[in-house]
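Structural description and commentary
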Amino acid sequence: MPSLLPRRVAFALLAGVATLFAGNHVAARLAFDEGTGLLLAVLVRSSVALLVLVGLWRWQRQRLWLPPGTRRWQLLAGVMVAIQSLCLYSAVARIPVVVALLLMNTFPIQLALLTWALGGPRPTWRAALIMTVILVGLVVVLDVPAWLLAPETLGPEWLTGVAFGLAAASAFACALWITEHHLGEVGSTLRSLLTMLTVLVVMLLGAALQLVPGAWPCRQAPGLGRAWRAGAALQRGLLGAVHQRAAPGHGA
């Protein structure tokens, strides 16, 4: 059994992760306000995450190998995370960041209900009470009574942003369910790497097929062409590194 981290270190790591998570979406909202496109934001995020994971994977000298029967589940988990990223950034672009993140954080409730619906254990009364308190808090934060009385006061994008936030939580809950029930044998670093690679590919396909209207910034933006070419080169380099490690004789 692996040794546990000291409590202070664990709390510091959790606080750091939470701060980075919140800062990421605050930065995304600032970028959207400056005219950055939705797909470009997700592409930059997934590319940087993939770069870090490739470095970690190579440092750990892990094999690029998936147990039999897990490939389709790994692909589906990556697609779910891609949907989650797109929906969450769509919510951040339309409603306050704090509200979008609160909606996103309903994923534990949705995961518990999804697990129960698919034959897992029923939520305990304590868990049900906690979920009820969370939902009541969301009703207060979203000011649902005011919206029902005068929906025009919250702006035309409010309902759409809330729907995107809840959809992001649903997609993430599905990804977690898949990870817990079908990807337990896959190493965490490799699983995260393949997930972010799938997100990057899905976003590039979405960009090529123009599935998201207005997802790119103005084409006249200074340096956009150079930035796009640099991003494409980075992607090719990352895919090349993964392919090289997957070749025979390169496994650890």
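This report concerns the structure included in the present document.

About the cut-offs
- Counting restarts for each chain: residues are numbered from 1 in the order of the written sequence.
- With the structure being a predicted model, the display of local features is reserved for residues of pLDDT at least 70 and the display and counting of side-chain atom pairs for 80 or more, all residues being used for whole-chain, interface and lining totals.
- Calculated side-chain values reflect all of the structure's heavy atoms, with hydrogen atoms and water omitted.
- Note on conventions: DSSP H or I runs of at least 4 residues are helices, E runs of at least 2 residues are strands, and numbering of each starts at the N terminus.
- Lines fitted to the C-alpha atoms define the axes, with helices restricted to the stretch that makes contact. Angles between their N-to-C directions range from 0 to 180 degrees.
- When describing relative orientation, an angle under 35 degrees is termed roughly parallel and one over 145 degrees roughly antiparallel, while 65 to 115 degrees is termed roughly perpendicular and anything else oblique.
- For a crossing to be left-handed, the near helix must be turned anticlockwise from the far one by less than a right angle; the clockwise case is right-handed.
- Residue contacts are defined here by distance: any two heavy atoms, one from each residue, within 4.5 Å place the two residues in contact.
- When residues are sorted by character, Ala, Val, Leu, Ile, Met, Phe, Trp, Tyr, Cys and Pro go into the nonpolar class, Asp, Glu, Lys and Arg into the charged class, and all the rest, Gly among them, into the polar class.
- Side-chain rings of Phe, Tyr and Trp, where Trp is taken by its six-membered ring, are said to pair if the distance between their centres is within 6.5 Å; with planes under 30 degrees apart they count as stacked, over 60 as edge-to-face, and otherwise as tilted.

**Focus: the environment of threonine 160**
- Secondary-structure assignment places threonine 160 in helix H8 (residues 158-182).
- Distance in space between the C-alpha atoms of threonine 160 and isoleucine 95 is 8.9 Å, their sequence separation being 65 residues.

**Things to note about the packing of helix H2 (residues 38-60) against helix H9 (residues 188-208)**
- Close contact between H2 and H9 brings their axes to 9 Å; oriented N to C, the two are set at 150°. Put simply, H2 runs roughly antiparallel to H9. For the crossing formed where H2 meets H9, the hand is left-handed. Listed contacts from H9 to Leu39, Val42, Leu43, Ser46, Ser47, Ala49, Leu50, Leu53, Val54, Leu56, Trp57 and Gln60 of H2 are Thr189, Leu190, Ser192, Leu193, Met196, Leu197, Val199, Leu200, Met203, Leu204, Gly206 and Ala207.
- Partitioned by chemical class, the residues of the contact of H2 with H9 number 18 nonpolar, 6 polar and no charged.

**Considering the packing of aromatic side chains**
- All told, the structure shown has 1 aromatic pair when counted by the stated rule.
- Centroid distance phenylalanine 107 to phenylalanine 172: 4.9 Å. Interplanar angle 85°. Geometry classified as edge-to-face. Pair noted here: phenylalanine 107 is in helix H5 (residues 107-117) and phenylalanine 172 is in helix H8, with a separation of 65 residues, a long-range link.

**Concerning the packing of helix H1 (residues 7-33) against helix H3 (residues 71-92)**
- Their axes nearest at 9 Å, the elements H1 and H3 cross at an angle of 60°. In terms of orientation, H1 lies oblique with respect to H3. Like other packed secondary-structure pairs, H1 and H3 cross with a definite hand, here right-handed. Judged by residue contacts, Phe21, Asn24, His25, Ala28, Arg29 and Phe32 of H1 engage Leu88, Tyr89 and Val92 from H3.
- For the contact of H1 with H3, the class distribution of residues is 6 nonpolar, 2 polar and 1 charged.

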